[in-house]
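# A structural walkthrough
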Amino acid sequence: MNPTTVLQAKSDPMGQAISDFYTMGKAARLRVFSSLFEEDEIPVSQLFRTIEEMPVLEQEALKMAKGRILDVGAGSGCHTLALQDMGKDVVAIDISPLSVETMKKRGVRACCLSNLFDERFGETFDTILMLMNGSGIVGRLDNLPQFFKRMKQMLRPNGRILMDSSDLRYIFEEEDGSFLVNLADKYYGEVDFRMQYKGVRGDSFDWLYIDFETLSYHAGLNGFQASLVRMGMHYDYLAELTLL
Ligand code: SAH
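What comes next is a walk through the structure. All values reported here derive from a predicted model rather than from experimental measurement. The numbers attached to residues start from 1 for each chain and follow its sequence in the written order. Local features in this predicted model are restricted to residues whose pLDDT is 70 or higher, and side-chain atom pairs enter the listing and the counts only when it is 80 or higher, whereas totals over whole chains, interfaces and linings include all residues. Note that water and hydrogens are dropped before the side-chain values are worked out from all heavy atoms of the structure.

Next up on the list: the overall build of the chain. A count of helical and extended segments in the chain gives six helices and 12 strands. Taken along the three principal axes of its C-alpha coordinates, the chain extends 50 × 45 × 35 Å. Among the 244 residues that make up the chain, the fraction classed as buried is 49%. We call two residues in contact whenever any of their non-hydrogen atoms come within 4.5 Å of each other. Sequence separation of 24 or more characterises 64% of the internal contacts of the chain that already satisfy a separation of 6 or more. Summed over its atoms, the accessible surface of the chain is roughly 12,000 Å², and 51% of this surface lies on carbon and sulfur atoms. By the criteria applied, helices consist of DSSP H or I runs no shorter than four residues and strands consist of E runs no shorter than two, each listed in order from the N terminus. For every residue, the accessible area obtained with a 1.4 Å probe (protein chains only) is divided by the maximum for its type, and the residue is called buried under 20%, exposed over 50%, and partly exposed between those limits. For accessible areas, the Shrake-Rupley method is used with a probe of radius 1.4 Å. Any residue's cover is judged against the shown protein chains and nothing else.

In structure tokens:
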């Protein structure tokens, strides 16, 4: 993805769903097509979850977030609003114009239509939050050096990234517990997605699910240290990344 890209409203299906749900209290089906899973749907109401409705990993990340906080890919602004309620200092960014417009209406005080990789967004932060399989925004394993380079620009001294992800190995697990992937193939957590909402078709995009060991290895290569904060209920985890 071009690092400065933001979405056009006409190809922003998730943003349209978020906007509809906010204005009408309901939304049509937000359909998800991918290279790995069967056709699926994202329940739009889940994008509006309150802190009580959030998975424990997300609640933990919100508790740990401190100083000036960046909520990356903030969607409807659910985490940003929860942090504001806790009295914390938070800025939201997203590439979806309709989501940014909606989060403003919902009371998000500081938000910006910007791509995480766009260096024109020059602020620095103590905590960078990437939640709801936040590693996805990195797209592919070979974007990790660029991602960590960008994080070095954006993090203040002693700052950290809090990111959740899932290890997709369960999809490739055999009944006897062995794990069958073709190592000559691309990394098994690299998925290609496309979304559709009513007549609005999004472009396809890369989304990275990464297991903790692989994250930790690449963090080390790029001057960061990963620590496992907590495991979730199903192959998911919250990691903290700090500069070495
Ligand atoms: N964090 C929210 C939304 C998750 S969906 C929640 O937990 O409910 C992922 C969001 O990331 C979408 O709103 C999408 O528009 C945004 N996004 C994707 N790539 C991005 C990028 N490169 N920079 C900023 N936001 C991005």
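All right, on to the packing of aromatic side chains then. Any Phe, Tyr or Trp ring, taking Trp's six-membered ring, that has another such ring centre within 6.5 Å forms a pair; planes under 30 degrees apart are called stacked, those over 60 apart edge-to-face, and the others tilted. For the coordinates displayed, the defined rule picks out 14 aromatic pairs. Ring centres of Phe193 and Tyr209 lie 6.5 Å apart, and the angle between their planes is 55°; on these two criteria the pair is classed as tilted. In this pair, Phe193 is assigned in strand β8 (residues 190-197) and Tyr209 in the loop between β10 (205-208) and α6 (212-221), connecting sequence segments 16 residues apart. In this structure, Phe193 and Tyr209 share a single accessibility class: buried. Three or more aromatic residues link up through ring pairs in this structure, and these residues are Phe37, Phe193, Phe205, Trp207 and Tyr209. Ring-over charges, as used throughout, are those where CZ of Arg or NZ of Lys falls within 6 Å of the ring centre and within 35 degrees of the ring normal. The ring centre of Phe179 lies 4.0 Å from the NZ or CZ of Arg169, which sits over that ring.

Pairing in this open sheet of seven strands is mixed, and the strands run β5-β4-β3-β6-β7-β12-β11 from one edge to the other. Because the sheet does not close on itself, it has two edges, and the strands there are β5 (111-113) and β11 (224-231). The mean angle between the axes of side-by-side strands here comes to 20°, regardless of whether they run parallel or antiparallel. Strand pairing is assigned whenever DSSP identifies at least 2 bridges connecting the two strands. Relative to β5, strand β4 (residues 89-94) is paired through three bridges, and the arrangement is parallel. The residue bridging Ile93 from the neighbouring strand is Cys112, located in β5. Only C-alpha atoms enter the line fits that serve as axes; for helices the fit covers just the stretch in contact. Angles between N-to-C directions range over 0 to 180 degrees. Set on the sheet, helix α5 (residues 144-154) makes contact with β3 (68-72), β6 (125-130), β7 (155-166), β11 and β12 (236-243); between it and β7 the angle comes to about 140°. Contacting β7, β11 and β12, α6 crosses the sheet at an angle of about 160° to β11.

Before going further, it helps to examine the site of the ligand. Nearness of a residue to a molecule or strand requires only that one of the residue's heavy atoms be within 4 Å of it. Around the ligand lies a shell of 18 residues, among which Arg49, Gly73, Asp94, Asn115 and Leu116 are the nearest. We define a polar contact as two N or O atoms separated by no more than 3.5 Å, with the added condition that, inside protein, one atom must be a possible hydrogen donor and the other a possible acceptor, whereas residues neighbouring each other in sequence contribute only through side-chain atom pairs. Between Arg49 and the ligand, the recorded distance is 2.6 Å, taken from a side-chain N or O atom to an oxygen atom. At a separation of 3.1 Å, a nitrogen atom of the ligand approaches a polar side-chain atom of Asn115. Against a free-state accessible area of 570 Å², the protein chains account for coverage of 92% of the ligand. Along the lines of polarity and charge, the residues of the shell around the ligand split into 10 nonpolar, six polar and two charged. For this classification, the nonpolar set comprises Ala, Val, Leu, Ile, Met, Phe, Trp, Tyr, Cys and Pro, the charged set comprises Asp, Glu, Lys and Arg, and every other residue, Gly included, is treated as polar.

A few words on helix α1 (residues 13-24). Taking 1.5 Å of rise per residue, the 12 residues of α1 would be expected to cover 16 Å, and the 16 Å separating its terminal C-alpha atoms lies within 8% of that figure. Of the residues making up α1, those classed as buried are Pro13, Gly15, Ala17, Ile18, Ser19 and Asp20. On its buried face, α1 sits against β1 (30-34), α4 (97-105), β8 and β9 (200-201). Two residues or fewer after α1 comes Gly25, characterised by a positive phi angle close to 75°. Expected span of a helix: the number of residues minus one, times 1.5 Å.

Our focus in this paragraph is α5. Those residues of α5 that sit buried are Leu144, Phe147, Phe148, Arg150, Met151 and Met154. Burial along α5 is one-sided: seen end-on, the buried residues are contained in an arc of 160°. Taken together, the buried residues of α5 touch β3, β6, β7, α6, β11 and β12. By definition, the arc is the one covered by directions from the helix axis to the C-beta atoms.

Looking now at the pairing of β1. Sheet topology note: the β1/strand β2 (residues 40-42) ladder contains three bridges and is antiparallel. Directly across from Leu30, in β2, lies its bridge partner Ile42. Adjacent in sequence and paired antiparallel, β1 and β2 are bridged by five residues. By the bridge criterion, five bridges tie β1 to β8 in an arrangement that is antiparallel. The residue bridging Ser34 from the neighbouring strand is Phe193, located in β8.

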